[in-house]
Amino acid sequence: MLSVEEALEKVLAMFRPLEAERAPVLETLGRVLAEDVVATGDIPPHANTAMDGYAVLAADLEGAGPDSAKRLRVIENLAAGYVASERVTSGTAIRIMTGAPMPEGADAVIPFEETHQDGMPQGGAWVDCFVEMRVGANVRPAGEDVHAGERALTRGTRIRPQEIGMLAALGYGEVAVIRRPRVAILATGDELVGVDAPLLPGKIRNANSYSNAAQVLQYGGIPLMLGIARDTVEDLTAKIRAGLAQGADLLMTSGGVSVGDFDVVKKVLAAEGEISFWRVLMKPGKPLAFGYITAEVDGVPHTVPMLGMPGNPVSAMVSFELFARPAILTMLGVQELRKPTFEAILDQEIRSKDARRHYVRVRVERREDGFHAMLTGEQGSGILNSMVRSNGLAIIPEDWDHAPAGARVQVMLFE
């Protein structure tokens, strides 16, 4: 069996960032820029006031104080979005609201709370100023945020809400990003029925396709739901070829990768492509097949990586986190593939029956002495509730046969 690291290295060797496409700015969240974004103009485009107050000449307020107010004539009232029609000269001021362009002649803004106005705000009034102001006080210069010609965002940047705000401020209604990978999802097994189907004797509902599809969406991919393949080479092959025909960048199956009489995924991988490996030194998730499928799509040979995950629901979800997630992120152009881990104190002991790395479902909470990890009940690979109740995986190394209560372990959070 391969170690988790060896298996992940083989998986990632088959993936590269996908090609770029242009997308509306609000559809780029979480995606990676495929081009540098250069400012075509200054942000802000003009000097403006950072405060509600009066645009003045700083020199007019020299010597101003609580007992020595400097009186100026108010010649205009200026709101944001408008340009002053008057010029500020010595002895005058313009009443101004936050964000309004600085009037010609003015070089500072005195806040309302440092003044007292006598008369109507619309003009023809006088304002008494009680503090001095330095040149540039409460003024945001043109280009304070970004200068024209400056590279505002760099190719390879993963887009967050703040990058979307910058794109909007720069006037980018759409931008080039790495396209989202299309991930075909196929469940296998004669025992499976659809989520809306009645449960006849011996049948279970197809939960894996939905949990895995949700994981694909969570990490930025586009799930292609291929349904359920029966335990025959013919049906599985037909379903996989249907996924290729839909332009899948990755094929994911669940079930059919163990050593049972009806576990046919490895057979199809061997017949239609090549198997790289099919067992990993981990629990849950030991029977994990990886390779590629080659088929003709519109007369053109097409090779797509295929990840065959175990059929138990916990195994399928954990295997996705460790292998499919970094593959999807690689196709998206994301450079940091590791999930952050941190140290937590185990509240219960964990015993290992074999020398595999264990990924234990835990609920992590913070206490006075640090983070604590509590088991979420029975840890069987078929107990989906152990995932529902958890917010992370405690990682028990291969060479531990016993992790006592109070031991410090690394935990990988789901979110």
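See the structure above.
Only a predicted model underlies this, so the values are computations on that prediction, with no experimental measurement involved.

Parameters and conventions
- Residues numbered from 1 in each chain as written.
- Predicted model: local features only at pLDDT ≥ 70, side-chain atom pairs only at ≥ 80, totals over all residues.
- Heavy atoms only, no water.
- Helix = DSSP H or I, 4+ residues; strand = E, 2+ residues; numbered from the N terminus.
- Rg over C-alpha atoms; globule rule 2.2 N^0.38 Å.
- Buried < 20%, exposed > 50% of the residue type's maximum accessible area, 1.4 Å probe, protein only.
- Areas by Shrake-Rupley, 256 points an atom, 1.4 Å probe, with all protein chains shown as cover.
- Pairing = 2+ DSSP bridges.
- Salt bridge = Lys/Arg side-chain N within 4 Å of Asp/Glu carboxyl O.
- Polar contact = N/O pair within 3.5 Å; in protein donor to acceptor, adjacent residues only side chain to side chain.
- Contact = heavy atoms within 4.5 Å.
- 1 Å grid on protein atoms, 1.4 Å probe; cavity = no way out; pocket = protein on both sides within 12 Å on 5 of 7 lines; lining within 4 Å.
- Points joined across faces, edges and corners; volume = space filled by probe spheres on them.
- Nonpolar A, V, L, I, M, F, W, Y, C, P; charged D, E, K, R; others polar.
- Axes fitted to C-alpha atoms, helices over the stretch in contact; angles between N-to-C directions.
- Core = buried A, V, L, I, M, F, W, Y, C linked by side-chain atoms within 4.5 Å.
- Bend = angle between axes of the 7 residues up to and from the residue.

**Some words on the overall build of the protein chain**
Per the secondary structure count, the protein chain includes seven helices and 28 strands. Against the compact-globule benchmark of 22 Å for 415 residues, the protein chain has a radius of gyration of 32 Å, which places it well outside the compact range. Buried residues in the protein chain amount to 47% of all 415 residues. On the protein chain, roughly 19,900 Å² of surface is accessible, and the fraction owed to carbon and sulfur atoms is 52%.

**Let's talk about the pairing of strand E7 (residues 108–111)**
Neither face of E7 is exposed, since Ala108 and Ile110 on one face and Val109 and Pro111 on the opposite face are all buried. As defined by bridge partners, strand E4 (residues 53–56) adjoins E7 across four bridges and the pair is classed as antiparallel. When the bridges of E7 are listed, valine 56 appears paired with alanine 108.

**Quick word on the pairing of strand E12 (residues 174–178)**
The element E12 is extensively covered by neighbouring structure, given that four of its five residues are classed as buried. Across five bridges, strand E1 (residues 20–24) lies against E12 in antiparallel orientation. In the sheet register, alanine 23 faces E12, and the bridge partner there is valine 175.

**With respect to the pattern of salt bridges**
Following the criterion strictly, the structure yields 21 salt bridges and no others. Ionic pairing is found between arginine 71 and aspartate 128, a salt bridge with its closest N-O pair at 2.8 Å. With arginine 71 in strand E5 (residues 70–78) and aspartate 128 in strand E9 (residues 125–129), this residue pair connects regions lying 57 residues apart in the sequence. The partly exposed category is assigned to arginine 71, whose relative accessible area is 46%. Judged by its relative accessible area of 13%, aspartate 128 falls in the buried class. Between arginine 356 and aspartate 354 there is a salt bridge, with its nearest N and O atoms 2.9 Å apart. When its relative accessible area of 30% is taken as the criterion, aspartate 354 is described as partly exposed. Three or more residues joined by partner-sharing salt bridges are found here, namely Glu5, Arg357 and Glu398.

**Points about the side chain of serine 386**
Within the element layout of this structure, serine 386 appears in helix H7 (residues 385–388). Here the side chain of serine 386 touches isoleucine 383 through a polar contact of 2.6 Å, landing on its backbone oxygen. Aside from chain neighbours lying at most four places away, what touches serine 386 is Val314, Arg361, Thr376, Glu378, Gln379 and Gly380.

**Thoughts on the layout of surface pockets**
A volume near 720 Å³ is recorded for the largest pocket. The wall of the largest pocket is formed by 43 residues, among which Asn312, Pro313, Ser315, Gly380 and Ser381 lie closest to the centre. Of all the elements in the fold, those that place two or more residues in the lining of the largest pocket are strand E13 (182–188), strand E15 (204–205), helix H6 (313–332), strand E23 (350–351) and strand E24 (357–367). By residue class, the composition of the lining of the largest pocket is 15 nonpolar, 18 polar and ten charged. Empty space within the second largest pocket amounts to approximately 410 Å³. Taken together, 17 residues form the lining of the second largest pocket, with Leu8, Leu322, Arg325, Arg338 and Lys339 sitting closest to its centre.

**A short note on the sheet that holds strand E20 (residues 287–297)**
Sheet architecture is open: six strands sit in the order E16-E13-E17-E21-E20-E18, paired in mixed fashion. Every other strand in the sheet has two partners, leaving strand E16 (222–229) and strand E18 (273–279) as the edge strands with one partner each. Across this sheet, the average inter-strand angle for adjacent strands is 20 degrees, counted without regard to direction. Pairing between E18 and E20: five bridges, direction antiparallel. Of the residues in E20, the one forming a bridge with phenylalanine 277 is phenylalanine 290. The sheet strands contacting helix H4 (residues 233–245) are E13, E16, strand E17 (250–254), E20 and strand E21 (300–309), and the helix crosses E16 at an angle near 160 degrees. Each of E13, E17, E20 and E21 touches H6; the most contacted strand, E21, lies at about 145 degrees to it.

**Considerations on the nonpolar core**
Core analysis: the largest hydrophobic core is formed by 44 residues, its most contacted members being Met252 and Phe323. Broken down by element, the residue count for this core peaks at twelve residues, all from H6. Those residues in contact with phenylalanine 323 that lie beyond four places of it in its chain are Val4, Ala7, Leu8, Val11, Val280, Met282, Leu288 and Leu307. Ranked by size, the runner-up nonpolar core spans 20 residues in total, among them Ala184, Leu226, Ile240 and Val268.

**Comments concerning the sheet that holds strand E6 (residues 92–96)**
Taken in spatial order, the six strands line up as E7-E4-E6-E5-E9-E8 in an open sheet, and their pairing is mixed. Strands at the two margins of the open sheet, each flanked by one partner only, are E7 and strand E8 (115–118). Between one strand axis and the next, the sheet turns by 35 degrees as a mean value, whatever way the strands run. With five bridges joining them, E5 and E6 adopt parallel strand pairing. By the bridge assignment for E6, leucine 78 is matched with isoleucine 96.

**A look at H6**
Roughly 45 degrees is the biggest bend found in H6, and it falls at phenylalanine 320. Burial within H6 is extensive, with 20 of its 20 residues counted as buried. Phi turns positive, to about 90 degrees, at glycine 333, one or two residues after H6.

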